[in-house]
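Structural overview for review
Next come the chains, spelled out residue by residue.
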Amino acid sequence: MTKILNETTTSPASTPWYVRVLLGISAWVSAILISIGIFAITGIEDSLVIFGLVFIGACFYLKKNSTSVFLSQLAFAGSAVGQVSLAVGIGNIFDSMLVVATIMLVVEILLLLIFPDLVHKIISTVLAVIAVKVILVDLEVQYLESILIIIANGFALYIWNKKDWHNEQMQTAIRYALPVSVFVLLWLDFQSFNKLGFEETLKMIMGLANVGLIAYQAHNVMKELHIDIKTWLGVAIASTLLILLIPSVTVPALLIALLYVIVAIQYRNKLLLGLAILGFIISLSYFYYSLEITLLEKSILMSVTGGLLLIVRTAYLFFRKKIKVLL
Amino acid sequence: MSHTTLNTIPATTERQRWFNFLNYGWLILGTSHLLVGIFFFFAYNWNDLGDITKFIIVQSLLIIGLIAVTILNLKTLSGKILLMATALVIGALFALFGQVYQSPADSYTLFLTWAVAILGWVILSNFAALWLFWLGLLNLTAMLYWEQFVSNIYSSQQSPLYFTIVCCLNLLAFGVWTYLRKNKHFAHEEWAYTIFAIVPIGWLTYTAIDIITDSQPAEYNWWYWLFYIIVSGLIWFYFRVKEFNLAILTVVATSVNICITAWYLHTLFDRFSFGTGWAIIIGIMLLAQSMITLKILQEVSQRQKNVQK
């Protein structure tokens, strides 16, 4: 069967993206419908764990042994259906979110290591991070999420800056998955700093740690370009970072977006730039719809931030022209 | 402040790239934050503002926009984007007019008036995004006109006829766009062209689903299926033979697949006692359809490559 399908289809690289998207949607719908059909015919609701494991195993085999674009999509979709079945099955048996999250964390890490598909690896990483969040919530220590975010950001930066990695596909997957995970975590738990408790203090520390990471990356870039912090440009960059702290106080995800914008520009990576800009826009939308500050406060924060950024630009361009340098 | 480091460094592409990023970042973030801040300020005080003040604010934005467009020139991208923003302000002005004077008119008239008012700018701009926006306004008008006016007068059996007319208008727009693109070196944006193709095919598919799910009498249907086959066939033929475009061929193939799926799903639900076990059959059908579609698109693409060689 696999052989026949492989003959009728070609590799993902030679297929336009819109055809792949359509095939992906079709593969997902088919996989879900076939699973529902199997449940209905065989009545295996009680053996969801076994069904899930068999589905994941079969899809792993399919993906490893096929080069076809359609089978790749089908294997991916089937694996996702298998994972959902497994999670629901474990939940039915143990009736504990902690057990489900812990087992799924192990499964996702395993899939990240062995499943030979980049997008699958990215989703496994994101799901693993979400599983950690669920564990923290279940243990009622969700404030430790701030530390999880710092670790995820720090590790993402390390992986982006690291030149050689033994597994290129894994490195690429983690490079994209960790920024996405951090955004998801922050948006799932969108809160401001207007209360002063232990959790808020940890969030403050997270904010400062992220400022530190941005400063570190900006320092790296300036070092590469031989830009001294004492120059007009150095001052302009430092001022910009400080100004952007104003809206970030209410929405920490803005800082994370800024960090990844810098990394994306540094490594000329359009996909990461797109993710970071999307993260920035969604975070700003959270700011607009935040009910914790009034429209007037938002208006003042936005106007001051915008005005200051335009002043920095004007001042820098003025001095740049005066001292006749390119940058 | 030390200037020496900067002065002694030679200009490089990398530095220019970072400068462009900083320059645009400052400009885009600064302007957008400032504008949103100003909008929020007015929104905060909106209910306390008098009607005249509200009109002065919106009309001032319109005048400022037009002055800026004149200064920037419609040949620049910034000028075109600004004209599009000013076209949006026109809509805000009409909406404000309706709000202040509590007009009893149906809401489709707002979009129709808006489309008519900005038509001159749309033609002058030669900007694909503004053309698409204008087409969107017309389609919205058509939908609202159906909901608020036509559906109250005529029976639902006449809906295919109405939607077919809307589809024909969109086909006309697509045809004109194709002609201008080919003969007048106009409207080169590929993405806009594909969207222009998706809109009429979308209406074609929507009407087909409407006919399938409404189970209307055969006398109302045969002419539509004939129309569907002729239009899809012509689009397929044109973009397969005359001007090869795989994206548009994929849209046509998707439309046919959606109609087939809608037909057998409706038949299953309508004529048989539908159990969850059927899901496995539907899943397999979808797999088969996807493989056949992919095979056809690949063959078409391969033949085109062979012709080009």
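Preceding this section is the structure that the text describes.
Source: prediction; values computed, not measured.

1. Some details on the overall build of chain B
- Counting its secondary structure elements, chain B contains 11 helices and zero strands.
- Reading chain B from its N terminus to its C terminus gives the helix and strand order α-α-α-α-α-α-α-α-α-α-α.
- By residue count, 41% of the 309 residues in chain B fall in the buried class.
- Of the roughly 17,000 Å² that chain B leaves accessible, carbon and sulfur atoms contribute 70%.

2. Quick notes on the layout of surface pockets
All names here are of chain B.
- In this model, the largest pocket occupies a volume close to 1,000 Å³.
- As for the largest pocket, its lining consists of 26 residues, and the residues nearest its centre are Leu-35, Phe-39, Leu-61, Ala-85 and Val-89.
- Elements that contribute at least two residues to the lining of the largest pocket include exactly helix H2 (13-45), helix H3 (51-72) and helix H4 (77-101).
- Sorting elements by how many residues they give to the lining of the largest pocket places H4 first, with 11 residues.
- Looking at the lining of the largest pocket residue by residue, the classes come out as 21 nonpolar, five polar and no charged.

3. With respect to the interface of chain B and chain A
- On the side of chain A, 65 residues touch chain B, which itself brings 51 residues to the contact.
- For the pair chain B and chain A, the summed buried surface comes to about 5,400 Å²; carbon and sulfur atoms form 77% of the total.
- Where chain B packs against chain A, one counts zero salt bridges.
- On inspection of chain B and its partner chain A, the count reaches five residue pairs in polar contact (both at pLDDT 80 or more).
- When residues of the side of chain B that touches chain A are traced back to their parent elements, those giving at least two are helix H1 (4-8), H2, helix H10 (246-271) and helix H11 (278-308) of chain B.
- The leading source of residues in the side of chain B that touches chain A is H2(B), at 23 residues.
- Considered class by class, the residues forming the side of chain B that touches chain A number 29 nonpolar, 18 polar and four charged.

4. Comments concerning the packing of aromatic side chains
Residues and elements named next belong to chain B.
- For the structure on display, the rule yields 36 aromatic pairs over all chains.
- Here Trp-18 and Phe-21 contribute two aromatic rings whose centre-to-centre distance is 5.6 Å and whose plane-to-plane angle is 80°, an arrangement assigned as edge-to-face. Of this pair, Trp-18 and Phe-21 both sit in helix H2, three residues apart, roughly one helical turn.
- Ring centres 5.0 Å apart and planes at 75° place the aromatic pair Tyr-108 and Tyr-145 in the edge-to-face group. Note that Tyr-108 is positioned in helix H5 (residues 107-125) and Tyr-145 in helix H6 (residues 128-153), a separation of 37 residues in sequence.
- Taking the relative accessible area as the measure of exposure, Tyr-108 reaches 14% and is therefore buried.
- Classification of Tyr-145 as partly exposed rests on a relative accessible area of 28%.
- Put simply, the rings of Tyr-108, Tyr-145, Trp-146, Tyr-162, Phe-163, Trp-203 and Tyr-206 pair up and form one aromatic cluster.
- A cation sits over an aromatic face here: Arg-181 above Tyr-193, 3.9 Å from the ring centre.

5. Regarding a nonpolar patch on the surface
- Together, Trp17(A), Val21(A), Leu22(A), Ile25(A) and Val29(A) make up an exposed nonpolar region whose accessible area comes to about 470 Å².
- If you trace the backbone, Ile25(A) turns up in helix H2 (residues 17-42).

6. Considerations on empty space enclosed by the protein
Residue and element names in this part refer to chain A.
- Throughout the structure, instances matching the rule amount to one cavity of 30 Å³ or more.
- Put simply, the largest cavity is a space of about 30 Å³.
- Lining of the largest cavity is provided by Leu-244, Pro-247, Ser-248, Leu-254, Leu-258 and Phe-280.
- Among the elements of the structure, helix H10 (232-248) and helix H11 (253-266) are those that each provide at least two residues to the lining of the largest cavity.
- The class makeup of the residues in the lining of the largest cavity is five nonpolar, one polar and no charged.

7. Let's talk about the packing of H10(B) against H11(B)
Residues and elements named next belong to chain B.
- Between H10 and H11, the shortest axis-to-axis distance is 11 Å and the interhelical angle comes to 160°. Comparing their axes, H11 and H10 come out roughly antiparallel. When you trace H10 past H11, the crossing you get is right-handed. Together, Leu-246, Leu-249, Thr-250, Ala-253, Asn-257, Ile-260, Thr-261, Tyr-264, Leu-265 and Leu-268 of H10 and Trp-278, Ile-282, Met-285, Leu-286, Gln-289, Thr-293, Leu-297, Val-300 and Ser-301 of H11 make up the contact between the two elements.

8. Considerations on the nonpolar core
- Grouped together as the largest cluster of nonpolar side chains are 82 residues, with contacts concentrated most on Ile118(B) and Ile235(B).
- Residues Ile214(A), Leu259(A), Ile265(A) and Ile293(A) belong to the second largest nonpolar core, which totals 65 residues.

9. Structural notes on the pattern of salt bridges
- Under the counting rule described, the total for this entry stands at five salt bridges over all chains.
- Measuring nitrogen to oxygen at the nearest pair gives 3.2 Å for the salt bridge that ties Asp117(A) to Lys63(A). Here Lys63(A) lies in helix H3 (residues 48-64) and Asp117(A) lies in the loop between helix H5 (97-114) and helix H6 (118-138), a separation of 54 residues in the sequence. Across this residue pair, the class does not change: Asp117(A) and Lys63(A) are buried.
- A salt bridge links Arg181(B) to Glu190(B), with the shortest nitrogen-to-oxygen separation between them at 2.4 Å.
- Taking relative accessible area as the criterion, Arg181(B) reaches 14% and is therefore assigned buried.
- Here Glu190(B) falls in the partly exposed class, since its relative accessible area comes to 40%.
- Each of Arg181(B), Glu190(B) and Glu243(B) takes part in one network of salt bridges that share partners.

So, how was this worked out
- Residues numbered from 1 in each chain as written.
- Chains lettered and ligands numbered in written order.
- Predicted model: local features only at pLDDT ≥ 70, side-chain atom pairs only at ≥ 80, totals over all residues.
- Heavy atoms only, no water.
- Helix = DSSP H or I, 4+ residues; strand = E, 2+ residues; numbered from the N terminus.
- Buried < 20%, exposed > 50% of the residue type's maximum accessible area, 1.4 Å probe, protein only.
- Areas by Shrake-Rupley, 256 points an atom, 1.4 Å probe, with all protein chains shown as cover.
- 1 Å grid on protein atoms, 1.4 Å probe; cavity = no way out; pocket = protein on both sides within 12 Å on 5 of 7 lines; lining within 4 Å.
- Points joined across faces, edges and corners; volume = space filled by probe spheres on them.
- Nonpolar A, V, L, I, M, F, W, Y, C, P; charged D, E, K, R; others polar.
- Contact = heavy atoms within 4.5 Å.
- Buried area = accessible area lost by both parts, 1.4 Å probe.
- Salt bridge = Lys/Arg side-chain N within 4 Å of Asp/Glu carboxyl O.
- Polar contact = N/O pair within 3.5 Å; in protein donor to acceptor, adjacent residues only side chain to side chain.
- Phe/Tyr/Trp six-rings, centres within 6.5 Å; stacked < 30°, edge-to-face > 60°.
- Lys NZ or Arg CZ within 6 Å of the ring centre and 35° of its normal.
- Patch = residues over 30% accessible without salt bridge, like charges linked within 9 Å, V, L, I, M, F, W, Y side chains within 5 Å.
- Axes fitted to C-alpha atoms, helices over the stretch in contact; angles between N-to-C directions.
- Parallel < 35°, antiparallel > 145°, perpendicular 65-115°, else oblique.
- Left-handed = near helix turned anticlockwise from the far one by under 90°.
- Core = buried A, V, L, I, M, F, W, Y, C linked by side-chain atoms within 4.5 Å.

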